[in-house]
Amino acid sequence: AVCGDSAGGTLAAALCLLARRRGAPARAAQALLYPALAADSTLPSYRSKAQAPLLTSAEVEFYRRVMLAPGQALTELEAPLLDSDFSGLAPAWVAVAEHDPLHDDGVRYVERLRADGVPAELHEGRGLVHGCLRAYDTSPAVRALLDATAHWLGARLGCRADLSLF
């Protein structure tokens, strides 16, 4: 399984695409938490959540620019939603934060996976912001998000996920 939050979610999704491209077996699961998956700043959440706490739309654009070498074009490995085929990818758990310019990236990814026959679940993080995992120790909503993610992964991997130890 692969799992990541924010840019780590981007990397996890890109790894699934790259593994398929190279003929590797599909991963058992991909769990993405508020991932950056699109290069499309016209998605509604980029405008409606442009000034969200912890990540603004301007910061998303800045990170996208510094990720690439001068003149380099984005590919599906930097923006997985640029890929045209999602069939054969691992089942997905995608958690989005309500107050996040990247919200619609995750929603669109789930829609594209489902359209290509890949089981995908969307977890709407109501009241949450991008980077919310930092508040794991203090926010019951964040703890519930991480707990739900761990349980979903555990079910896909055939093991028990118990975060009560942390």
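Rules behind the numbers
- Residues numbered from 1 in each chain as written.
- Predicted model: local features only at pLDDT ≥ 70, side-chain atom pairs only at ≥ 80, totals over all residues.
- Heavy atoms only, no water.
- Helix = DSSP H or I, 4+ residues; strand = E, 2+ residues; numbered from the N terminus.
- Rg over C-alpha atoms; globule rule 2.2 N^0.38 Å.
- Pairing = 2+ DSSP bridges.
- Axes fitted to C-alpha atoms, helices over the stretch in contact; angles between N-to-C directions.
- Patch = residues over 30% accessible without salt bridge, like charges linked within 9 Å, V, L, I, M, F, W, Y side chains within 5 Å.
- Areas by Shrake-Rupley, 256 points an atom, 1.4 Å probe, with all protein chains shown as cover.
- Salt bridge = Lys/Arg side-chain N within 4 Å of Asp/Glu carboxyl O.
- Buried < 20%, exposed > 50% of the residue type's maximum accessible area, 1.4 Å probe, protein only.
- Right-handed = clockwise from strand over helix to strand, strands pointing away.

K.L.:
Please provide a residue-by-residue account of the overall build of the protein chain, values included.
P.N.:
Looking only at helices and strands, one finds five helices and four strands in the protein chain. Its helices and strands taken in sequence order, the protein chain reads β-α-β-α-α-β-α-β-α from the N to the C terminus. For 166 residues, the compact-globule estimate of 2.2 N^0.38 gives 15 Å, and the C-alpha radius of gyration of the protein chain, at 15 Å, lies within 12% of that figure. Expressed along its principal axes, the backbone C-alpha trace of the protein chain runs to roughly 45 × 40 × 25 Å.

K.L.:
Kindly report on the sheet that holds strand 1 (residues 2-5), identifying the contributing residues and their values.
P.N.:
On the basis of which strands lie adjacent, the open sheet formed by four strands has the order 1-2-3-4 and parallel pairing. Since the sheet does not close on itself, it has two edges, and those belong to strand 1 and strand 4 (120-129), each with one partner. The average angle at which neighbouring strand axes cross in this sheet is 10°, direction not considered. Bridge count between strand 2 (residues 30-33) and strand 3 (residues 92-99): four bridges; the pairing is parallel. Considered in strand 3, the bridge of Leu32 is made with Val94.

K.L.:
Before we move on, can you summarise a nonpolar patch on the surface with the specific residues and values?
P.N.:
Together, Phe62, Tyr63 and Val66 line one region of the surface with nonpolar side chains, adding up to about 310 Å² of accessible area. As for its placement among the helices and strands, Tyr63 is situated in helix 3 (residues 57-67).

K.L.:
Mind laying out unusual backbone geometry, listing which residues take part and the relevant values?
P.N.:
A positive phi angle, near 35°, is found at Tyr34, a position not held by glycine. Note that Tyr34 resides in the loop between strand 2 and helix 2 (44-48).

K.L.:
Now, about the pairing of strand 2: what can you tell me, with residues and values included?
P.N.:
Judged by which residues are buried, strand 2 turns out to be covered on both faces: Gln30 and Leu32 on one side and Ala31 and Leu33 on the other are all buried. Crossover strand 1 to strand 2 through helix 1 (residues 7-21) is right-handed.

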